[in-house]
There are 2 protein chains.
Amino acid sequence: MAQSADKHETESRLETLNEALGSGAFLQIRRMLNGLPPVDAAHLIESTPQKIRGVLWQLVDIENEGDILQHLNDEVQSQFLSQMDAEEVAAITEGLEADDIADILQQLPDRVIREVLDSMDHQDRVRIEHVLSFDEDTAGGLMNTDTITVRPNITLDVAMRYLRRHEELPEMTDSLLVVNRNDQFIGVLSLRKLLVSDPSVTVREIMDTEVEPIPANMSTREVAQLFERRDWVSAPVVDENHYLLGRITIDDVVDVIREESDHSLMSMAGLDEDEDTFASVFTTAPRRAIWLGINLLTAFIASAVINLFEGTIEKVVALAVLMPIVASMGGVAGTQTLTVVIRGMALGHISRNNSRWLINREVLVGLMNGVLWAVIVAAAASYWFDDYIIGGVIAAAMVINLITASLAGAVLPLILKALKIDPALAGGVVLTTVTDVVGFMSFLGLATYFYR
Amino acid sequence: MAQSADKHETESRLETLNEALGSGAFLQIRRMLNGLPPVDAAHLIESTPQKIRGVLWQLVDIENEGDILQHLNDEVQSQFLSQMDAEEVAAITEGLEADDIADILQQLPDRVIREVLDSMDHQDRVRIEHVLSFDEDTAGGLMNTDTITVRPNITLDVAMRYLRRHEELPEMTDSLLVVNRNDQFIGVLSLRKLLVSDPSVTVREIMDTEVEPIPANMSTREVAQLFERRDWVSAPVVDENHYLLGRITIDDVVDVIREESDHSLMSMAGLDEDEDTFASVFTTAPRRAIWLGINLLTAFIASAVINLFEGTIEKVVALAVLMPIVASMGGVAGTQTLTVVIRGMALGHISRNNSRWLINREVLVGLMNGVLWAVIVAAAASYWFDDYIIGGVIAAAMVINLITASLAGAVLPLILKALKIDPALAGGVVLTTVTDVVGFMSFLGLATYFYR
């Protein structure tokens, strides 16, 4: 997804764009779009509403379409792709890197992918089919095939002469990959090392054989964690027989990291991390509706709990006034715990061995904060309604609900993960149901007992 | 912050660790900690509760302390640093990169930093003081001083011979920085280009002068966006007179990206992105208490609104049963909008020029979903309480609150940002207050009117 280098820059470009659109100065817009670096043009297109986007895309010169397209997010990509036929797609993606073409094709229906591949030349087709054969979320789907390989028995001098025969080296090339005569990966020779070593030694003598190559079926998430830990710029990808398939570069890994991190944030609001900020009303409304519907169910469950205590509320209306406090404090405390645990899981900090400690800690924190705020709320409620019983009841309910909330916030993500349900997506809904039900139940239940 | 390369690996290490701790096999733990790559040892330490951490830190050999320390998160770092005196800090950080030492020192009080600097040798002190003179959140604070510079008038052959005089090149060196005789930055010569070019040409002929160097006072956020857009591995940093100060490398930028992304997630739950997953109860409880206190205030505001309609609730208890539905649906709808807008702002998609469109879109989405769920809730409520009035009232309140929620979710972050208040931190609280107040007010207010 395209990032903004400079907010003010994007803003002033958008202003120019709006003025030009207003006065119909399409030639000016065309010059602007095609003059910008493709990633900046993509960012500008992403920052406009759907209707204007269509106009902008018409103004992009055909030779720039592929370059700009690869920097757009999935949703905008598929919007534009849906208006092209297979030959157009094949034409505009020509010259892009294999992994970028594969990413673009994955937005299309299978039938169209087939057609696009058929209209490519043989060599390109084989290359793309190879990348497409791997799952998008694996190392194989992330890799590129632009490796530079050398044999271990040549001298550095020969290696340097071999390099000099290239017009240019692929972007992000920080090392040569050493393979045996069967094209199996055996080591890495970094350019940094190549440049400081005696030209007469052989590759074998100075190559690094400690680097573990990445298996093609490793998840992109694990790949990102390896890159972060090992400070790699690029890394080789191999199949199960150690045949070199390609390499992964840090620029693609950065995108994975960005998406990973966005995932937790967006999922907790029931949104997709690929969500287009400027999708149309008719795209946005149905998506949001589903999440609202799920939450409506949990709200009705809470209402059903309240309904059990109708008689008590009729007697003591102050209960209706205070009951949202207990539920809402539980929700907040639970969400805090949930967020900490989900983040800890994403960082790989939480495992079977320390989760019990974490649950205990959270329950203790819930207890301490429950007691603290129970005292304050009890004092306020007693004073407000001039009724000590209601103060006592709300205090007890608050302690019960904050402990429950902390426990649920810590345990739920672990359970959901074991059930292979995304904790960031489902955690919040289940948690709120728990804190609402327990909050209303304990508060109104205790009140029913004490106001008999 | 240390990342997990392999969940199972961390898990099995934690298991081994726990067993060893249980049986008092400290020698085994010591071997394990000092045998792991420092980043893995740091990850293991971060994944243990505070009490065990202290024990583990005792078992780290002094020559590994600095390497492991630099990979720990800020909270754990300062925990360990607080037990050392200035000389120890100076001793263990010796040999680390200048930016990493500066990061560590920034956890210490000013007085101690001074002492640590005084016990370093002159050259190191000057180097660190230089990095420390820049704000932690700027390019200057992120940069390293390990640049390799060349003059434009030498030939590539001379440049290569110069490189070969080095024992090794600094990590992440993908280019040589070209400076004039005043040490002012004039261009970049990538190793990729150096390796494919004719050795007899001069640096000047093939260097890239298009690369805009990064000003030392640029925010790390903007630096990260530049790296993401331009696919850089490293980039030069200059002062206002174009003097070369150092360079920023992608590994440090990845950390910035990770922290940036975590910030929104954690802030929305009132947490700090540096929050230690395994902080003790007594560190955690007070921090969480503040956020709960703020939320308690908003809950009391909601209660005050309900209290206005005490008389109506006494007459129609069903209102107390249904009122949380209206408030909670508003909260959910508002949070969705808020999250989309906050993410859009982080990606630099939202500016003055398109925010009106976005606000309109959100209000329309709120209207459409308001009407949809109003119909469903009205039908359910009418049937449940066998009362059409209550169905009509909840439907109207639902539409009002969902529109308000969408409007507030879109407008609030823009207002907060203009006021220089972090929307991710404050947005949720303000939003919930709005949706609670409007939800209860509209529902109970309309009910009061119709049940006169």
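Calculation notes
- Residues numbered from 1 in each chain as written.
- Chains lettered and ligands numbered in written order.
- Predicted model: local features only at pLDDT ≥ 70, side-chain atom pairs only at ≥ 80, totals over all residues.
- Heavy atoms only, no water.
- Least-squares fit on C-alpha atoms with pLDDT ≥ 70 in both.
- Contact = heavy atoms within 4.5 Å.
- Patch = residues over 30% accessible without salt bridge, like charges linked within 9 Å, V, L, I, M, F, W, Y side chains within 5 Å.
- Areas by Shrake-Rupley, 256 points an atom, 1.4 Å probe, with all protein chains shown as cover.
- Salt bridge = Lys/Arg side-chain N within 4 Å of Asp/Glu carboxyl O.
- Lys, Arg positive; Asp, Glu negative; His and termini not counted.
- Charge placed at Lys NZ, Arg CZ, Asp CG, Glu CD.
- Helix = DSSP H or I, 4+ residues; strand = E, 2+ residues; numbered from the N terminus.
- Buried < 20%, exposed > 50% of the residue type's maximum accessible area, 1.4 Å probe, protein only.
- Pairing = 2+ DSSP bridges.
- Buried area = accessible area lost by both parts, 1.4 Å probe.
- pLDDT = per-residue confidence, 0-100.
- Axes fitted to C-alpha atoms, helices over the stretch in contact; angles between N-to-C directions.
- Parallel < 35°, antiparallel > 145°, perpendicular 65-115°, else oblique.
- Left-handed = near helix turned anticlockwise from the far one by under 90°.
- Nonpolar A, V, L, I, M, F, W, Y, C, P; charged D, E, K, R; others polar.

**Quick word on the relation of the copies chain A and chain B**
Inference 1: Mapping chain A onto chain B is achieved by rotating through 180 degrees and translating by 0.0 Å along the same axis, at an RMSD of 0.2 Å. Here the copies are linked by what is in effect a two-fold axis.
Inference 2: Interface residue correspondence from chain A to chain B reaches 99%, placing this contact among same-surface, isologous pairings.

**Observations regarding a negative patch on the surface**
Inference 1: On the surface, Glu-97, Asp-103, Asp-135, Glu-136, Asp-137, Glu-167, Glu-168, Glu-171, Asp-255 and Glu-259 of chain A together with Asp-231 of chain B cluster together into a patch of negative charge.
Inference 2: Take Asp-255 of chain A: it is sitting in helix H16 (residues 250–267).
Inference 3: With relative accessibility at 31%, the residue Asp-255 of chain A sits in the partly exposed group.

**Considerations on the pairing of strand S3 (residues 185–190) of chain B**
All names here are of chain B.
Inference 1: The element S3 is extensively covered by neighbouring structure, given that 5 of its 6 residues are classed as buried.
Inference 2: Pairing between strand S2 (residues 175–179) and S3: 5 bridges, direction antiparallel. Among the inter-strand pairings, Ser-175 is bridged to a residue of S3, identified as Ser-190.

**What about the interface of chain A and chain B?**
Inference 1: Listed as interface residues are 137 residues of chain A and, on the opposing side, 135 residues of chain B.
Inference 2: Between chain A and chain B, the buried area comes to about 12,500 Å², and carbon and sulfur atoms account for 63% of it.
Inference 3: It is Arg-192, Arg-229 and Arg-343 of chain A that lose the most area in chain A upon contact with chain B, and together they represent 7% of the buried surface on that side.
Inference 4: Counting every contact that joins chain A to chain B gives 11 salt bridges.
Inference 5: Across the pair Asp-40 of chain B and Arg-229 of chain A runs a salt bridge, and its minimum N-O distance is 2.4 Å.

**A few points about unusual backbone geometry**
Inference 1: We note that Lys-420 of chain A has phi near 60 degrees; this positive angle belongs to a residue other than glycine.
Inference 2: With respect to the secondary-structure elements, Lys-420 of chain A resides in the loop between helix H21 (388–418) and helix H22 (423–450).
Inference 3: Looking at Lys-420 of chain A, the relative accessible area reads 77%, which means it is exposed.
Inference 4: Even without being glycine, Met-172 of chain B reaches a positive phi, approximately 60 degrees.

**A short note on a nonpolar patch on the surface**
All names here are of chain A.
Inference 1: Residues Leu-364, Leu-367, Val-371, Leu-372, Val-375 and Ile-376 make up a contiguous nonpolar surface patch of roughly 470 Å² in combined accessible area.
Inference 2: Within the secondary structure layout, Leu-367 lies in helix H20 (residues 352–385).
Inference 3: For Leu-367, a relative accessible area of 34% corresponds to the partly exposed category.

**Some words on the sheet that holds strand S5 (residues 234–238) of chain B**
Residues and elements named next belong to chain B.
Inference 1: Within the open sheet, the 3 strands sit side by side as S4-S5-S6. Their pairing is mixed. Here the strands that pair on one side only, and so sit at the sheet edges, are strand S4 (214–215) and strand S6 (244–249).
Inference 2: The pairing of S5 with S6 spans 5 bridges and is antiparallel. Residue pairing for S6: Val-238 is matched across the bridge by Leu-244.

**So, the confidence of the model for chain A**
Inference 1: The predicted model of chain A averages 90 in pLDDT, with 98% of residues at 70 or higher.
Inference 2: Long-range and interchain partners of residues 1–6 of chain A, a stretch whose pLDDT sits below 50, account for 31 contacts in this model, where long-range means more than four residues apart.

**Structural notes on the side chain of Asn-369 of chain A**
Inference 1: You can see Asn-369 of chain A is positioned in helix H20.
Inference 2: Given a relative accessible area of 4%, Asn-369 of chain A falls into the buried group.
Inference 3: If we ignore the near neighbours within four places in the chain, the residues touching Asn-369 of chain A are Leu-402 of chain A together with Ala-285, Arg-288, Ala-289 and Leu-292 of chain B.

**Focus: the sheet that holds strand S1 (residues 149–150) of chain B**
Inference 1: Reading across the sheet, the 3 strands line up as S1-S2-S3 (chain B) and stay open at both edges, with mixed pairing between neighbours. With one partner strand each, in any of the chains shown, S1 and S3 of chain B form the two edges of the open sheet.

**Considerations on the packing of helix H19 (residues 318–346) of chain A against helix H19 (residues 318–346) of chain B**
Inference 1: Following both chains from N to C, one finds H19 of chain A and H19 of chain B inclined at 25 degrees, their axes separated by 10 Å at the closest point. With respect to H19 of chain B, the axis of H19 of chain A lies roughly parallel. Considering the relative orientation of H19 of chain A and H19 of chain B, their crossing is right-handed. Of the residues in H19 of chain B, those in contact with Ala-320, Met-323 and Pro-324 of chain A of H19 of chain A are Ala-320, Met-323 and Pro-324 of chain B.
Inference 2: Residue composition of the contact of H19 of chain A with H19 of chain B, by class: 6 nonpolar, no polar and no charged.

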